[in-house]
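This is what each chain is made of:
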Amino acid sequence: MATVSNAPPVDVKAAVRIATTYFGQILQHPYSDLAVEEVERSDDGRYWQITLGYTLTDPSFPTFMTNKPRDFKVITIDATTGEPTSMKVKKL
């Protein structure tokens, strides 16, 4: 008897790769320190929600400033197709 898996065709590692690539293509500002902060699958299993944290590298910030603000985006990836469906600001 075959086992039925409810795992999505796009696994979490692939979803993170897709999200980080998409983020790099969409964001029009220089950034650094990109990191995966959270990964969550939607309740219905149809989407991955990947939270990425990053620091904008603004040339107007003095180089000695080490406490630069960190920003966060939530990128939603379709778990079946791997298509990014949204990128939103995450408010803390």
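Presented here is an overview of the structure given in this document. Computed from a predicted structure; not experimentally measured. Every chain begins its residue count from 1, and numbering advances along the sequence as written. Where totals are concerned, whole chains, interfaces and linings use all residues; where local detail is concerned, this predicted model gives features only for residues with pLDDT of at least 70, and gives and counts side-chain atom pairs only at 80 or more. Side-chain calculation: all heavy atoms of the structure are included, whereas hydrogens and water are not.

1. Points about the pattern of salt bridges
Salt bridges are defined by distance alone: a side-chain nitrogen of Lys or Arg within 4 Å of a carboxyl oxygen of Asp or Glu. Inspection of every chain in the model, using the stated rule, returns two salt bridges. Here Glu 38 ties to Lys 90 by a salt bridge, and the two come within 2.5 Å at their closest N and O atoms. One end of the pair, Glu 38, is in strand S1 (residues 31-41); the other, Lys 90, is in the segment after strand S4 (84-89), with 52 residues separating them in the sequence. Exposed residues in this analysis have more than 50% of their type's maximum accessible area, buried residues have under 20%, and partly exposed residues fall in between, with area computed by a 1.4 Å probe over protein chains only. Note on Glu 38: relative accessible area 40%, which makes it partly exposed. Runs of H or I in DSSP of at least four residues are treated as helices and runs of E of at least two as strands, each being numbered from the N terminus.

2. Focus on the environment of Phe 23
By secondary structure assignment, the location of Phe 23 is in helix H1 (residues 12-26). Expressed as a C-alpha distance, the spacing of Phe 23 and Lys 73, which sit 50 residues apart in the sequence, is 8.6 Å.

3. Examining the sheet that holds S4
DSSP-based pairing: two strands are paired if at least 2 bridges between them are found. As summarised here, the arrangement of the four strands in space is S1-S2-S3-S4, forming an open sheet in which the pairing is antiparallel. One side of each edge strand has no neighbouring strand; the edge strands of this open sheet are S1 and S4. For this sheet the average axis-to-axis angle between neighbouring strands, irrespective of direction, equals 20 degrees. Sheet topology note: the strand S3 (residues 70-78)/S4 ladder contains five bridges and is antiparallel. Bridged to Ile 77 within S4 is Pro 84. In this description, contact between two residues means that some pair of their heavy atoms is separated by no more than 4.5 Å. Axis geometry follows a simple rule: fit a line to the C-alpha atoms, using only the stretch in contact for helices, then measure angles between N-to-C directions, giving values from 0 to 180 degrees. Taken strand by strand, H1 contacts S1, strand S2 (47-56), S3 and S4, and its axis lies near 45 degrees from that of S2.

4. So, the nonpolar core
Soluble globular proteins tend to bury their nonpolar side chains together. Among the nonpolar cores identified, the biggest contains 14 residues, and Ala 15, Phe 23, Trp 48, Ile 50, Ile 75 and Ile 77 are the most heavily contacted of them. Secondary structure elements with two or more residues in this core: H1, S2 and S3. Beyond its immediate stretch of four places on either side in the chain, Ile 75 contacts Ala 19, Tyr 22, Phe 23, Trp 48, Gln 49, Ile 50, Leu 52, Ser 86 and Met 87. The criterion is simple. A nonpolar core is a set of buried Ala, Val, Leu, Ile, Met, Phe, Trp, Tyr and Cys residues joined through side-chain atoms within 4.5 Å.

5. Quick look at a nonpolar patch on the surface
What makes a patch is a set of residues exposed beyond 30% relative accessible area and free of salt bridges, joined within 9 Å when like-charged and within 5 Å when nonpolar (Val, Leu, Ile, Met, Phe, Trp, Tyr). Surface exposure here means Shrake-Rupley accessible area, sampled with a 1.4 Å probe, where a residue is shielded only by the protein chains that are shown. A cluster of nonpolar residues, Val 12, Val 36 and Val 39, forms a patch on the protein surface that exposes about 190 Å² of accessible area. Structurally, Val 36 can be placed in strand S1.

Read these as spatial facts, not as claims about activity.
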